Amino acid sequence: MRFFGTSWVDHGNGYALRRAALAAGSLVAAAAGAYLLRLAYEGLEIGNVGLFLSISVIVLFAIATAIAFAKTWESFGRRPAPSSDEAALKGLKAIGFIGSLLAYFLRCLTEAPGEKLHRAEYERAAAEYERRRSSRTGNPAGRRRPKRKK
């Protein structure tokens, strides 16, 4: 929701353009990241580090990318629990950054990333506000007090 401000509420103020730009940007960044990883792998081949290390690096990045994709996609639908392992997975998500970027790209095709979660929270807060507001009787100063008998 960082790039959308409050435009996600009513889908105005350039919402569609922002969503398209974020989708394109995340896809370009994922492609650039994949290209950099390819260059790093070629560096390992030039260094002749051996087949085991080369395969280990590929498997590590594939697993990290899959976990980062799953955790990023999951974060669009619900807030993590305070005692969750999100902080422990920051390093893994940084290694699998391509998965996070691809999750952003795919989510941008349908909605702003995290919009569903924010909309549910917004509607819940608005309903709570209306419930509190409607239970009031109005301006307390305008009420007439019954006359006291002498």
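Just so you know, these numbers come straight off a predicted model, no measurement behind them.

Below, the discussion takes up the pattern of salt bridges. A complete count under the given rule lists 2 salt bridges for this structure. A salt bridge links Lys71 to Glu74; the shortest N-O distance between them is 3.9 Å. On the criterion of helical spacing, the pair formed by Lys71 and Glu74 is a turn pair, its members being 3 residues apart in helix H3 (residues 51–75).

This next bit is on the side chain of Arg107. With respect to the element layout, Arg107 can be found in helix H5 (residues 97–108). When residues no more than four places from it in sequence are discounted, the contact partners of Arg107 are Trp73, Phe76, Ala112 and Pro113.

This part covers H5. Residues spaced three or four apart along an α-helix point in a common direction, a consequence of the helix completing one turn every 3.6 residues. For H5, which comprises 12 residues, the first-to-last C-alpha distance of 17 Å matches the rise-based estimate of 16 Å (1.5 Å per residue) to within 8%. Of the surrounding secondary structure, the elements contacted by the buried residues of H5 are helix H2 (15–46), H3 and helix H4 (90–95).

Bringing unusual backbone geometry into the picture now. Of note, Asn48 is a non-glycine position whose phi angle comes to about 50°, a positive value. When you line up the elements, Asn48 lands in the loop between H2 and H3. Here Asn48 falls in the exposed class, since its relative accessible area comes to 67%.

Cut-offs used in this document
- Residues numbered from 1 in each chain as written.
- Predicted model: local features only at pLDDT ≥ 70, side-chain atom pairs only at ≥ 80, totals over all residues.
- Heavy atoms only, no water.
- Salt bridge = Lys/Arg side-chain N within 4 Å of Asp/Glu carboxyl O.
- Helix = DSSP H or I, 4+ residues; strand = E, 2+ residues; numbered from the N terminus.
- Contact = heavy atoms within 4.5 Å.
- Expected span 1.5 Å × (residues − 1).
- Buried < 20%, exposed > 50% of the residue type's maximum accessible area, 1.4 Å probe, protein only.

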